[in-house]
There are 2 protein chains.
Amino acid sequence: MIVCLSGGVGGAKLVRGLSAVLDPEALVVAINTGDDFTHLGLEIWPDFDTTLYTLAGLANAQQGWGRENETWRVMEELRARDGEAWFSLGDKDIALHLLRAQLRHEGCTATEIAAVLRQRFGVAAQITPATDQAVRTIVHTPEGALGFQQYFVGRRAEPEVRGLTFAGAEAARVAPTVLEALRDPALEAIILAPSNPFLSIEPILAVAEMRSALGASHAPIVAVTPIIGGAAVKGPTAKIMRELGMEISAAAVCRHYGDLIDGFVLDEVDAAEQLSIEAQGVTCARAQTLMLSEKDKIELAANVLAFARTCLKRPPS
Amino acid sequence: MIVCLSGGVGGAKLVRGLSAVLDPEALVVAINTGDDFTHLGLEIWPDFDTTLYTLAGLANAQQGWGRENETWRVMEELRARDGEAWFSLGDKDIALHLLRAQLRHEGCTATEIAAVLRQRFGVAAQITPATDQAVRTIVHTPEGALGFQQYFVGRRAEPEVRGLTFAGAEAARVAPTVLEALRDPALEAIILAPSNPFLSIEPILAVAEMRSALGASHAPIVAVTPIIGGAAVKGPTAKIMRELGMEISAAAVCRHYGDLIDGFVLDEVDAAEQLSIEAQGVTCARAQTLMLSEKDKIELAANVLAFARTCLKRPPS
């Protein structure tokens, strides 16, 4: 059994690779919920949905969100009626949101909703929101505190990030599927996907019960770098690191994770950073981490798994 | 000022006529909410929406619900994912439901939501749900108690109606716009639209405050027959009258309204019933009540108005 902590597009790609090289049912993916919000009365789970669509082979890879072969009839009418149109929702995507709304209306938890949606989309890997309670990423900027989507979509991630908080995280509980997996004697490794460490992984780690469950687990924790050659593959990771006064490098990400991790997967192009990472007491492996093709995803997943299985849990410092 | 109590398609047609012959802002329409329900997490207001679409010139007249030139992308995807597809929602219709959901999420009352929707659809007549609180029609049948949509759409109005109750009606309050109009010294008449007396008008009258406000109003109350030549134009009115052991006639509808009404508009084809209606102490007028064309709607509205303005309030018995 493998547990993966994951966020949006980059995480979903590695998860797709992992579900190809593992028995997918042995893969439990705790997905960031900090980006979730309610829009037009609908619960939107951007990272869960991206992962669901990616595993189902339905994701719009160019766009980085939503589905391929999408149509926009509802959105066109909303716009014509002066409705809120700043957040794009395709027709097929809306169908997913309505399935979720119906399940929520019937009293289902997020975990239960995720289980039904996996079944409806034929996804065997156990992808699930990291917590059943609401955790909301708040981005602190010179313009004030912004809700995540307000910052990310509404303001196109332009305002300077001065800090991040995660409303609801302290009181939230780890989703039962994830907690059970973290306590499973058969757990081999915990993988932090190459997602944005601040916006995708941090909201999961901010859940107090998650930090203690990770600390208590016998399995090594291995992070995969989201930074390749001093840049992020996608999204605002590098921009945020700069704004937070960090060096934009894999080693800086590794330092950010600190004592939490036992192993780190560095990109081949950043081989020069290996020594500085190992000096942090973290076992290091190199791989080609850019996932452009299906083959890339599978190869990276296989390499990460092989490495994680050899990693040792660090002794408590 | 005119107040109209109305339900679905027949009511919406008369309301369209009234809004053409009156200053539409002087027309307050209290719309049946007994058919409303929550589906796929969305509040659906079938009678309000039919009236809104009819006044905006967007209604699908053949179908009797929803919009013209509709598409079904969301529904197709819902069906493909094994979602609830028994209640059809077009893409444009879903946009309206999402506008409503957003307003509800922001804390708006039904009255406030209706005001925004009228503005977004360019409807000047003050159409509004009869009450801000939930009133739900329950249909008692040999199969047990069915929610209205369960009976009407789910079971195609086939089960025998043994009785009707209106959950929430006793405690519900009359919508402020309607209550204000009923107390307005400028109110000329209250019109009961040619809607189903049991399924459309009764849920409005079941609101205790509505009955007392109608009783206290100085304005005469005039009903327009939904029965023409012993049959209903549309829907299950005649079937329900039969099942409730009533004669299927305009006079029987008039008896059903009893002391509540001061005047009754009978169809020309039912001239023979005029004496029996007048014997009930109700002033009677005849008109062509079948509304096939825009001209029919306007002529009936003009005739009903002219008659209502001459009607006298009956002395309390």
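Worth saying up front: this structure is predicted, and the values here are computed from it rather than measured. (Residues numbered from 1 in each chain as written. Chains lettered and ligands numbered in written order. Predicted model: local features only at pLDDT ≥ 70, side-chain atom pairs only at ≥ 80, totals over all residues. Heavy atoms only, no water.)

Caption draft 1: Molecular detail of the relation of the copies chain B and chain A. Note on the identical chains: chain B maps onto chain A by a rotation of 179° and an axial translation of 0.0 Å, with an RMSD of 0.0 Å. As the rotation angle and translation indicate, the two copies are arranged about a two-fold axis. Both copies share a contact surface, since 100% of the interface residues of chain B are interface residues in chain A too. (Least-squares fit on C-alpha atoms with pLDDT ≥ 70 in both. Contact = heavy atoms within 4.5 Å.)

Caption draft 2: Here's a closer look at the interface of chain B and chain A. With 28 residues of chain B at the interface, the matching set in chain A holds 28 residues. Taking both sides of the interface into account, the surface hidden between chain B and chain A amounts to around 2600 Å²; carbon and sulfur atoms contribute 61%. Three residues stand out in chain B for area buried against chain A, namely Arg-73, Arg-81 and Leu-98 of chain B, and they jointly supply 25% of the buried area on that side. Where chain B packs against chain A, one counts two salt bridges. Glu-77 of chain A serves as the salt-bridge partner of Arg-67 of chain B, at 2.5 Å between the closest nitrogen and oxygen. Joining chain B to chain A, the criterion identifies 12 residue pairs in polar contact (both at pLDDT 80 or more). Counting only elements with at least two residues in the side of chain B that touches chain A, the list comes to β3 (37-39), α3 (73-80) and α4 (91-105) of chain B. (Buried area = accessible area lost by both parts, 1.4 Å probe. Salt bridge = Lys/Arg side-chain N within 4 Å of Asp/Glu carboxyl O. Polar contact = N/O pair within 3.5 Å; in protein donor to acceptor, adjacent residues only side chain to side chain. Helix = DSSP H or I, 4+ residues; strand = E, 2+ residues; numbered from the N terminus.)

Caption draft 3: Looking closely at the pairing of strand β1 (residues 2-6) of chain A. Residues and elements named next belong to chain A. For β1, a buried count of five out of five residues is recorded, marking the element as mostly surrounded by other parts of the structure. Burial along β1 is two-sided: the residues Ile-2, Cys-4 and Ser-6 and Val-3 and Leu-5 are all buried. Both β1 and strand β9 (residues 189-192) contribute to a ladder of four bridges, which runs parallel. Within the sheet, the bridge partner assigned to Val-3 lies in β9 and is Ile-190. In terms of strand pairing, β1 meets strand β2 (residues 27-31) through five bridges, oriented parallel. The partner of Val-3 across the bridge, within β2, is Val-28. A crossover connection joins β1 to the parallel β2 through helix α1 (residues 9-21); in handedness this β-α-β unit is right-handed. (Buried < 20%, exposed > 50% of the residue type's maximum accessible area, 1.4 Å probe, protein only. Pairing = 2+ DSSP bridges. Right-handed = clockwise from strand over helix to strand, strands pointing away.)

Caption draft 4: Highlighting the sheet that holds β9 of chain A. Residue and element names in this part refer to chain A. One open sheet holds the seven strands; their spatial order is β5-β2-β1-β9-β10-β13-β14, and the pairing between them is parallel. Looking at strand neighbours, the two that pair on one side only are β5 (126-129) and β14 (283-287), the edges of this open sheet. Put simply, the sheet's adjacent strands are angled 20° from each other on average, direction ignored. Across four bridges, the pairing between β2 and β5 is parallel. Its bridge partner being in β5, Val-29 is matched across the sheet by Ile-127. With respect to the sheet, helix α8 (residues 197-205) is in contact with β1, β2 and β9, its orientation differing from that of β1 by roughly 125°. (Axes fitted to C-alpha atoms, helices over the stretch in contact; angles between N-to-C directions.)

Caption draft 5: Spotlight on the side chain of His-39 of chain B. With respect to the helices, strands and loops of the structure, His-39 of chain B is situated in strand β3. Residue class for His-39 of chain B comes out buried when judged on its relative accessible area of 2%. Contact partners of His-39 of chain B, with chain neighbours within four places excluded, come to Gln-102 of chain A together with Ile-44, Glu-84, Trp-86, Phe-87 and Leu-89 of chain B.

Caption draft 6: Inspection of the pattern of salt bridges at higher detail. Residues and elements named next belong to chain B. Within the structure shown, the criterion is met by 30 salt bridges over all chains. Of the charged contacts, one joins Arg-100 and Asp-49 as a salt bridge, the two residues approaching to 2.9 Å between their closest N and O atoms. Here the residue Arg-100 occupies a position in helix α4, and Asp-49 occupies one in helix α2 (residues 46-55), the gap between them amounting to 51 residues. Judged by relative accessible area, which is 0%, Arg-100 ranks as buried. For Asp-49, a relative accessible area of 3% translates into the label buried.

Caption draft 7: The nonpolar core, seen in detail. By size, the foremost hydrophobic cluster in this structure holds 113 residues, and its most contacted members are Ile-127 of chain A together with Ile-127 of chain B. The residues touching Ile-127 of chain B, leaving out its near neighbours within four places in the chain, are Val-15, Val-29, Ile-31, Phe-48, Thr-51, Leu-52, Leu-55, Ala-114 and Arg-118 of chain B. Counting residues in hydrophobic clusters, the runner-up holds 54 residues, among them Leu-5, Ala-30, Ile-227 and Leu-260 of chain A. (Core = buried A, V, L, I, M, F, W, Y, C linked by side-chain atoms within 4.5 Å.)

Caption draft 8: Main features of the environment of Lys-13 of chain A. Residues and elements named next belong to chain A. For Lys-13, the location among the structural elements is in helix α1. On the accessibility criterion, Lys-13 (24% relative accessible area) is partly exposed. Spatially, the C-alpha atom of Lys-13 lies 8.4 Å from that of Glu-294, the residues being 281 residues apart in sequence. Excluding its chain neighbours within four sequence positions, the residues that come into contact with Lys-13 are Met-291 and Lys-297.

Caption draft 9: Representation of the sheet that holds strand β14 (residues 283-287) of chain B in the model. Residues and elements named next belong to chain B. Within the open sheet, the seven strands sit side by side as β5-β2-β1-β9-β10-β13-β14. Their pairing is parallel. The sheet terminates laterally at β5 (126-129) and β14, the two strands that pair on one side only. Within this sheet the neighbouring strands show an average axis-to-axis angle of 20°, counted without direction. Packing against the sheet, helix α1 (residues 9-21) makes contact with β1 (2-6), β2 (27-31), β5, β9 (189-192) and β10 (221-224), and its axis sits at approximately 165° to β1. Strand contacts of α2: β2 and β5, with the helix running at about 165° to β5, the strand carrying the most contacts.

Caption draft 10: Layout of the packing of aromatic side chains. Under the defined criterion, the tally for this structure stands at 16 aromatic pairs over all chains. Pairwise contacts between aromatic rings join Phe-37, Trp-86 and Phe-87 of chain A into one cluster. In this structure, Arg-81 of chain A packs its charged tip against the face of Phe-121 of chain B, placed 4.1 Å from the ring centre. Lying across the ring of Trp-45 of chain B, Arg-100 of chain B places its NZ or CZ 4.5 Å from the centre. (Phe/Tyr/Trp six-rings, centres within 6.5 Å; stacked < 30°, edge-to-face > 60°. Lys NZ or Arg CZ within 6 Å of the ring centre and 35° of its normal.)

Caption draft 11: Representation of helix α8 (residues 197-205) of chain B in the model. Residue and element names in this part refer to chain B. Counting buried residues along α8, nine of its nine residues qualify, which places the element largely inside the surrounding structure. Those residues of α8 lying buried are Pro-197, Phe-198, Leu-199, Ser-200, Ile-201, Glu-202, Pro-203, Ile-204 and Leu-205. You can read the cap of α8 off the contacts: a side-chain oxygen lies 2.8 Å from the backbone nitrogen of Phe-198, and it is on Asn-196.

Caption draft 12: Up close: the packing of α1 of chain A against helix α2 (residues 46-56) of chain A. Residue and element names in this part refer to chain A. In the contact formed by α1 and α2, the axes pass within 9 Å of each other and the chain directions differ by 40°. By the criterion of interaxial angle, the relationship of α1 to α2 is oblique. At the point where α1 passes α2, the crossing takes the right-handed sense. Contacts between α1 and α2 involve Val-9, Ala-12, Val-15, Arg-16 and Ser-19 from the former and Thr-50, Thr-51, Thr-54 and Leu-55 from the latter. (Parallel < 35°, antiparallel > 145°, perpendicular 65-115°, else oblique. Left-handed = near helix turned anticlockwise from the far one by under 90°.)

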